Amino acid sequence: MRIVYVYSDNPLEWNSSEWRCAVPARAINRSGVHTARLLSKIEFVKNTSKVQDACQNADVIVIERALYGPMLSAIQHWKAQDKIVIGDFDDAYHLITPDNSSYPFWVENRVKRENEKGEEVWEKIDPPALTQFKWGLRLVHAATVPSKRLADDWKDYTEMIYLPNYIDLQNYQHAPRVPHEGIIIGWGGSVSHLPSFQKSGLIPALQNVCRARPQVKVMICGNDARIINSLQLPPENIIHRPWVPHSQWAKHLAEYDIGLAPLSGAYDDRRSWIKVLEYMVMKIPWVASESPAYNDLRSYGWLVKNTPGAWERVLLDMIDHLDDYRAEAAGEPYLFGIAQSIDEHVEEIISHYSHIIQKVFGSE
């Protein structure tokens, strides 16, 4: 099968496109049986000669996230050429909160554009972004998402397929553990996680843990200074690592002794399992919020209620018995994690695409 992935991220925000487009494309090409190509959404809507060459030879075109604006016409164009077009997205755009950098686009229906003078100005989105997104879902033949909740949310608009974020082990298995003093409790992520910290009860728990166990350091990886500031920890208890490209991410994970995965609210309930899965393939003991996002992983770590006391109790126990938790993390959690390698699931992905092809063309 020949697949084209149309990605949405630019190099400065490269994250979702890695998991939803680049990771499966690499594995599909490694299979030696199927092939995949990557196109940016900008070149796709321009329908360049490169796009025409890729898409005319494709069996399936997967559009990541950008089911709005000129992409709608591009989808119609390729459907008219009898191409299977599948949407893919990994965020609950209908539940975005005001702290999220995408809130102006999805909720306030405004976007920054550059005018003739080179100045950035706010421009109204009309029709509303979510309205256009719903049109896009009705246009595509199906959509894949890494969250069962997301799949259920949008099932009235198109056929929704749960397709988890599988992991490219090549990025993780050769990252050596980094020696350090004390115990590092780590977290890393994008700028959409502030409520995950503020509303989960984790912040006062970390403050209490650092007071009770002075050898503990909390490492935050990413560019959201709001999280660092909200922790209000003494300088000696906090480490900040700025955002790095995905290819370098595992070296930061290798510093963690304990991994955190706080979630809070309806938006977070629709996240994927990838943060915890990364801990598992790195043999890092982890603690996470009770959430539908992590229900399938509860046998492989600690899920806690979102109260300061619950977080604190588990973290202190993990700190005080860290060797035992490490040994446990290197057992079944690790084995389950590496079983979610993208290379082990290429045929599953292909079978989902084949199902859509059969559904559309099977009766002809």
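Refer to the structure presented above.
Residues numbered from 1 in each chain as written. Predicted model: local features only at pLDDT ≥ 70, side-chain atom pairs only at ≥ 80, totals over all residues. Heavy atoms only, no water.

A. How the structure looks around the pattern of salt bridges. With the rule as written, the count across this model stands at 27 salt bridges. The partner of Arg113 in a salt bridge is Glu123, and the shortest N-O contact between them spans 3.4 Å. Of this pair, Arg113 sits in strand 5 (residues 110–114) while Glu123 sits in strand 6 (residues 120–124), and the two are ten residues apart along the sequence. A relative accessible area of 42% means that Arg113 is categorised as partly exposed. For Glu123, a relative accessible area of 39% translates into the label partly exposed. Between Arg213 and Asp320 there is a salt bridge, with the nearest N and O atoms lying 2.8 Å from each other. One end of the pair, Arg213, is in the loop between helix 9 (202–212) and strand 10 (216–221); the other, Asp320, is in helix 14 (residues 308–320), and 107 residues separate them in sequence. Connected through shared salt-bridge partners, Glu18, Arg26, Arg30, Asp168 and Asp343 make up one network. (Salt bridge = Lys/Arg side-chain N within 4 Å of Asp/Glu carboxyl O. Helix = DSSP H or I, 4+ residues; strand = E, 2+ residues; numbered from the N terminus. Buried < 20%, exposed > 50% of the residue type's maximum accessible area, 1.4 Å probe, protein only.)

B. Highlighting the sheet that holds strand 7 (residues 142–145). Reading across the sheet, the six strands line up as 2-1-3-4-7-8 and stay open at both edges, with parallel pairing between neighbours. The open sheet has two edge strands with one neighbour each: strand 2 (35–40) and strand 8 (160–162). The average angle at which neighbouring strand axes cross in this sheet is 25°, direction not considered. Where strand 4 (residues 84–88) lies against strand 7, three bridges are found, and the strand directions are parallel. Of the residues in strand 7, the one forming a bridge with Gly87 is Ala143. Across the sheet, helix 1 (residues 16–30) touches strand 1 (2–7), strand 2, strand 3 (60–64), strand 4 and strand 7, and the angle it forms with strand 1 is around 160°. (Pairing = 2+ DSSP bridges. Axes fitted to C-alpha atoms, helices over the stretch in contact; angles between N-to-C directions. Contact = heavy atoms within 4.5 Å.)

C. Highlighting the sheet that holds strand 14 (residues 302–304). Spatially, six strands are ordered 11-10-9-12-13-14 in an open sheet, and the strand pairing comes out parallel. Each edge of the open sheet carries a strand with a single partner, namely strand 11 (238–241) and strand 14. Between one strand and the next, the sheet's axes are offset by a mean angle of 25°, whatever the strand orientation. Packed onto the sheet, helix 13 (residues 274–281) meets strand 9 (183–188), strand 12 (258–261) and strand 13 (286–289) and runs at close to 170° relative to strand 12.

D. Molecular detail of the packing of aromatic side chains. Throughout the structure, instances matching the rule amount to 16 aromatic pairs. Ring geometry for Tyr7 versus Trp14: centroids 5.2 Å apart, planes at 80°, classification edge-to-face. Both rings, one in Phe133 and one in Trp154, keep their centres 5.4 Å apart while their planes meet at 75°; by these two values the pair is edge-to-face. Highlighted residues: Phe133 in helix 6 (residues 129–139) and Trp154 in the loop between helix 7 (148–153) and strand 8, separated in sequence by 21 residues. An aromatic cluster of three or more residues is present, and its members are Tyr68, Phe89, Tyr93, Phe105, Trp106, Phe133, Trp154 and Tyr157. Across the ring face of Tyr334, the terminal group of Lys283 is positioned such that the distance to the ring centre comes to 4.6 Å. (Phe/Tyr/Trp six-rings, centres within 6.5 Å; stacked < 30°, edge-to-face > 60°. Lys NZ or Arg CZ within 6 Å of the ring centre and 35° of its normal.)

E. Summary view of the side chain of Glu255. Here Glu255 lies in the loop between helix 11 (249–253) and strand 12. For Glu255, a relative accessible area of 9% corresponds to the buried category. Among the polar contacts made by the side chain of Glu255, one reaches the side chain of Arg241 at a distance of 3.1 Å. (Polar contact = N/O pair within 3.5 Å; in protein donor to acceptor, adjacent residues only side chain to side chain.)

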